[in-house]
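A structural walkthrough
Here's the letter readout for the chains.
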Amino acid sequence: MVAPPRVPRAAWVLVTPSGDREALAGTVVVGRQPAKTAFKGADKTLKLVDPTGQISKSHAVFEADSDGLWIRDLASTNGVVVVAPSHEETVVSGDARISVASGSQVEFGPYVLTVERV
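These remarks concern the structure in this document. Numbering of residues starts from 1 in each chain and follows the order in which that chain's sequence is written. Per-residue local features are limited, in this predicted model, to residues with pLDDT of at least 70; the limit for side-chain atom pairs, both in listing and counting, is 80 or more; totals at the level of whole chains, interfaces and linings are taken over all residues. Calculation of side-chain values draws on the structure's entire complement of heavy atoms; hydrogens and water are dropped beforehand.

**Overview of the pattern of salt bridges**
- One side-chain nitrogen of Lys or Arg within 4 Å of one carboxyl oxygen of Asp or Glu is enough to make a salt bridge. Going through the model one piece at a time under the given rule, you end up with five salt bridges.
- Of the charged contacts in the structure, one is a salt bridge between Glu116 and Arg21, with a shortest N-O distance of 2.9 Å. Of the two residues, Glu116 sits in strand β11 (residues 111–117) while Arg21 sits in strand β2 (residues 21–24), which places them 95 residues apart along the sequence.
- One salt bridge connects Glu63 with Arg72, and the closest N-O pair in it is separated by 2.8 Å. Across the pair, Arg72 and Glu63 agree in class, each one buried.
- Put simply, Glu63, Asp65, Arg72, Asp95 and Arg97 are held in one network by salt bridges that share partners. Helix numbers and strand numbers start at the N terminus; a helix is a DSSP run of H or I with at least 4 residues, a strand a run of E with at least 2. Three exposure classes are used, based on accessible area relative to the maximum for each residue type with a 1.4 Å probe and protein chains only: buried under 20%, partly exposed in between, and exposed over 50%.

Given below as structure tokens:
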């Protein structure tokens, strides 16, 4: 008997500006019209509704693993900034993989997601 594929358990939640909560597990490409092909090995995509038009099609990728949560910018137009609970700001640039702590805010231009560990 073949075991079903293992589905990663969501340990993180993204909270949108409207208060919607999106479970985050594995590798997730986020953007206005995100494509899994934007990042090799992506598990899924998450479409962000942005009336300001500041989010790129495939803006960034979140990676949840046993060590925590990480984010990479996918050469977006308006960049990615992680604001830690301590208010320290980190600009995500190049191919950098930046750790994201629970309670952080992730800014995609003026669009902001809050990250929570569950």
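**Thoughts on the sheet that holds β2**
- Strand order across the open sheet formed by six strands is β2-β1-β11-β10-β7-β8, with antiparallel pairing between neighbours. Each of the sheet's edge strands pairs with one partner strand only, and the pair in question is β2 and β8 (89–92). The average angle at which neighbouring strand axes cross in this sheet is 25 degrees, direction not considered.
- DSSP calls a pair of strands paired once it identifies at least 2 bridges connecting them. Of the strand pairs in this sheet, strand β1 (residues 12–15) and β2 are connected by four bridges, and their pairing is antiparallel. Each residue of the ladder has a partner; that of Trp12, found in β2, is Leu24. Every axis corresponds to a line fitted to the C-alpha atoms, with the helix fit spanning only the stretch in contact, and the corresponding angles, defined between N-to-C directions, vary from 0 to 180 degrees.

**Digging into unusual backbone geometry**
- Despite not being glycine, Ala75 shows a phi value in the positive range, around 55 degrees.
- Turning to its location among the elements, Ala75 is positioned in the loop between β6 (68–73) and β7 (80–83).
- Its relative accessible area of 76% is what places Ala75 among the exposed residues.
- One non-glycine residue, His87, lies in the positive phi region at around 80 degrees.

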